[in-house]
Amino acid sequence: MSCHETLAILDQYLDRELGAAQMAAIETHLRSCDSCGETAARRTALRQRLRTAARSMAATPGLETRIHSQILAQHKPARNHFWLLIPVAAALLLTAGAWNHWQDGGFRTTPEAQRAFIASLAPEVAATMRVGLQQHIHCSVYQEVPSQFPTLEELARGLNSQGQDARLAELLPEMQSHLPAKFRIVDAHRCTFDQRLYLHVAATDGKRIISLLITGREEGEAFESDLRGVAAQAAGLPIYVAGVRRFQLAGFETPKHLVYLVSDLPAAENLAALRAMASEMARTIRNTET
Amino acid sequence: MQFPASEGSGTGAHADRQRRFDAEALPHIHDLFRTAMRVTGDRTRAEDAVQEAFLQGWKSFDRFEPGTNCKAWMFRILFHVIQHQRRRWFRFPVLKDTEEFLEANLTAPEPVTEELKDEEILASLDRLPADYRAVVLLVDVEEFPYREAAEILGIPIGTVMSRLSRGRRQLRDHLSDAAASFGIGNRGRKEAQKQ
Ligand SMILES: [Zn+2]
Ligand SMILES: [Zn+2]
């Protein structure tokens, strides 16, 4: 075995992840080759140092007691484990009736079933609207809302630490100030669906979810090309709408971005909300495009 | 640490379950915590993640097969919890796995570790992209086999190997730079490579 071949699988050798024949072949080479032997020795030494250094940290004192008392407080073991999977939004809808709930996408607890539901709705809206709808369902509807709501500043910091253009953090207060009463922003992150990147801001009033989704506009994408007409204007900016089942969409575009507000509000309220925030947001987004 | 049994639960299935959980799952708290700490980079989030992992572990402990690896099982739950947090707060860059498996090991420097301090080694570890760091922690620190690391992270074994290879190489790179800055190790070699 050559040095080249040895070094290519040296790590697997050191991890004991090779078959017996390869293990033996490397051992033979290492006995006769000082250079590879030295490399192996240094890697082993580094790994030992890393292991010792990392393992020197212990759990925060008191954490174990805290966990133990939390477990004791559980009294009864859970009967089933669906709680791991049922999204909060779906759980809240149970009272509205199971059939409607199923129609609205509930009870889909596996990623495959969720994707199938999204795919079933896709043909019901125009292609440009699909871009916003799919991610709202994929990310907002089928994920739990966090138990502790961060402040807008914390959310902005989280986005900025992602390499997100810091100017886009202005969208958070712009959105919050125009949301319907009782809604507050609970999450802001970047996420992907089918390799498309979104900036995603989610708000809730405890029952319903509103998503603001911003994504790069791809070649040839324009609302007017596949929607019949403009629903409203916000200071000259055309706003387009679509709806399917309980989901309502309103959207506008800038030269480089598509922007959506998706929710389960009545269509008119969803449109009014986007209309209220659109011109400020369009300015903020355009500032990042030059 | 030993805990007193809860009042009136000294016998029966519940107490038995509790005893098994205390004996099999809870002892891994330090392994789970240091991993969570290095993956999230934040003590509060690490504590939350570990606490949530134990709670989920407790609730689904009936599904844990006695005799199988409880540490791997708890790590799987921990990473599920962390990935969930990560999605929500999105503080970690997501890596693409498009690059082919590295052969570049050949030119990576091999730092001499004797002269390095623990803090330097850990600082280099913390500089790795989160996805590489997770694999290095699982394989190098926690000594999981590739197959178990793949199950814990829910990724293919080939991805474990490529992330491990790249993570270790970056670690060696960082540490050679650290060693070189103190006038030891591989400066000559490193400069020769850059030409
Ligand atoms: Zn050799
Ligand atoms: Zn999202």
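Residues numbered from 1 in each chain as written. Chains lettered and ligands numbered in written order. Predicted model: local features only at pLDDT ≥ 70, side-chain atom pairs only at ≥ 80, totals over all residues. Heavy atoms only, no water.

A. View of the overall build of chain A. From N to C terminus, chain A includes 13 helices and 7 strands. Buried residues in chain A amount to 49% of all 290 residues. Within chain A, contacts between residues separated by at least 24 positions form 60% of all contacts whose residues are at least 6 apart in sequence. When the accessible surface of chain A is summed, it comes to about 13900 Å², and 53% of that surface belongs to carbon and sulfur atoms. (Helix = DSSP H or I, 4+ residues; strand = E, 2+ residues; numbered from the N terminus. Buried < 20%, exposed > 50% of the residue type's maximum accessible area, 1.4 Å probe, protein only. Contact = heavy atoms within 4.5 Å. Areas by Shrake-Rupley, 256 points an atom, 1.4 Å probe, with all protein chains shown as cover.)

B. Structural context of the overall build of chain B. Within chain B, the secondary structure is distributed over 9 helices and 0 strands. Shown N-terminal to C-terminal, the secondary structure of chain B runs as helices and strands in the order α-α-α-α-α-α-α-α-α. Accessible surface for chain B amounts to roughly 8900 Å². Of this, 51% is attributable to carbon and sulfur atoms.

C. A look at the packing of aromatic side chains. Throughout the structure, instances matching the rule amount to 9 aromatic pairs over all chains. Between A:Phe223 and A:Tyr260, the ring centres sit 5.6 Å apart and the planes meet at 80 degrees, which makes this aromatic pair edge-to-face. Of this pair, A:Phe223 sits in helix H12 (residues 223–226) while A:Tyr260 sits in strand E7 (residues 257–263); the two residues are 37 residues apart in sequence, bridging distant segments of the chain. The same class applies to A:Phe223 as to A:Tyr260, namely buried. Their ring planes at 85 degrees and their centres at 5.0 Å tell us that B:Phe21 and B:Phe61 sit as a pair that is edge-to-face. You can see B:Phe21 sitting in helix H1 (residues 12–24) and its partner B:Phe61 sitting in the loop between helix H3 (43–59) and helix H4 (70–89), a full 40 residues away along the chain. In this structure, B:Phe21 and B:Phe61 share a single accessibility class: buried. (Phe/Tyr/Trp six-rings, centres within 6.5 Å; stacked < 30°, edge-to-face > 60°.)

D. Quick look at the confidence of the model for chain B. All names here are of chain B. Averaged over every residue, the pLDDT of chain B is 77; residues scoring 70 or more account for 73%. Every residue in residues 1–10 scores below 50 in pLDDT, and together they form 11 contacts with partners more than four places removed in sequence or on other chains. A low-confidence stretch, residues 89–106 stays under pLDDT 50, and its non-local contacts, those more than four residues away or across chains, total 51 contacts. As scored by the predictor, the complex reaches a pTM of 0.53 and an ipTM of 0.80. (pLDDT = per-residue confidence, 0-100.)

E. Quick look at the coordination of the zinc ion (ligand 1). Residue and element names in this part refer to chain A. Protein-derived coordination of the zinc ion (ligand 1) comes from Cys3 (SG), His29 (NE2), Cys33 (SG) and Cys36 (SG), at a distance range of 2.1 to 2.3 Å. Positions of the donor residues of the zinc ion (ligand 1), expressed as sequence spacing, correspond to C-x25-H-x3-C-x2-C. Here Cys33 lies in the loop between helix H3 (20–32) and helix H4 (34–55) and Cys3 lies in helix H1 (residues 3–8), a separation of 30 residues in the sequence. Using a relative accessible area of 34% as the deciding quantity, one classes Cys3 as partly exposed. By relative accessible area, Cys33 is classed as buried at 12%. (Donors = N, O, S within 2.8 Å, 3.2 Å for Na, K, Ca; no water.)

F. How the structure looks around unusual backbone geometry. With phi around 55 degrees, A:Arg16 is a residue other than glycine that occupies positive phi space. With respect to the helices, strands and loops of the structure, A:Arg16 is situated in the loop between helix H2 (10–14) and H3.

G. Representation of the packing of helix H6 (residues 130–141) of chain B against helix H7 (residues 146–153) of chain B within the structure. Residue and element names in this part refer to chain B. Where H6 contacts H7, the axes come no closer than 10 Å and their chain directions differ by 135 degrees. The orientation of H6 with respect to H7, classified from their angle, is oblique. As H6 packs across H7, the resulting crossing turns out to be right-handed. Seen from H6, the contacting residues are Ala134, Val135, Leu138 and Val139; seen from H7, they are Tyr146, Ala149, Ile152 and Leu153. (Axes fitted to C-alpha atoms, helices over the stretch in contact; angles between N-to-C directions. Parallel < 35°, antiparallel > 145°, perpendicular 65-115°, else oblique. Left-handed = near helix turned anticlockwise from the far one by under 90°.)

H. Up close: the pairing of E7(A). Residue and element names in this part refer to chain A. With 7 of its 7 residues buried, E7 lies for the most part within the structure. On E7, burial covers both faces: His257, Val259, Leu261 and Ser263 on one face and Leu258, Tyr260 and Val262 on the other are all buried. Bridge analysis of strand E3 (residues 209–216) against E7 gives 7 bridges, and the strand direction is antiparallel. Bridge assignment links Ile210 to a residue of E7, and that residue is Ser263. By the bridge criterion, 6 bridges tie strand E6 (residues 247–253) to E7 in an arrangement that is antiparallel. Paired with Phe252 across the bridge in E7 is Val259. Taking the residues between adjacent antiparallel strands as the criterion, E6 and E7 are bridged by 3 residues. (Pairing = 2+ DSSP bridges.)

I. The pattern of salt bridges, seen in detail. Enumeration over the complete set of coordinates arrives at 27 salt bridges over all chains. One salt bridge connects A:Glu253 with A:Arg217, and the closest N-O pair in it is separated by 3.8 Å. Taken together, the positions of A:Glu253 in strand E6 and A:Arg217 in the loop between E3 and H12 put the pair 36 residues apart, joining distant regions of the chain. Among the residues examined, A:Glu253 registers a relative accessible area of 17% and is labelled buried. Connected through shared salt-bridge partners, A:Asp11, A:Asp15, A:Arg43, A:Arg47, B:Glu110, B:Asp140, B:Arg168 and B:Arg172 make up one network. (Salt bridge = Lys/Arg side-chain N within 4 Å of Asp/Glu carboxyl O.)

J. Looking closely at the sheet that holds strand E5 (residues 237–244) of chain A. Residues and elements named next belong to chain A. Pairing is antiparallel in the open sheet, where 7 strands are placed in the order E1-E2-E3-E7-E6-E5-E4. The sheet is open, and its two borders are formed by strand E1 (184–193) and strand E4 (232–234), each paired with just one other strand. Here the average twist between neighbouring strands, direction ignored, is 25 degrees. In the packing of helix H9 (residues 127–141) onto the sheet, contacts are made with E1, strand E2 (196–204), E3, E5, E6 and E7, and the angle to E3 comes to roughly 130 degrees. Contacts from helix H11 (residues 171–178) reach E1, E2, E3 and E7 within the one sheet, and its direction differs from that of E1 by about 130 degrees.

K. Representation of the pairing of E3(A) in the model. Residues and elements named next belong to chain A. Of all 8 residues in E3, 7 are buried; the element is thus mostly enclosed. When E2 meets E3, the two strands line up antiparallel, connected through 7 bridges. Counterpart to Leu199 in the pairing with E3 is Ile214.

L. A look at the environment of A:Gly206. If you trace the backbone, A:Gly206 turns up in the loop between E2 and E3. Sequence separation between A:Gly206 and A:Phe183 is 23 residues, and the spatial gap between their C-alpha atoms is 7.9 Å.

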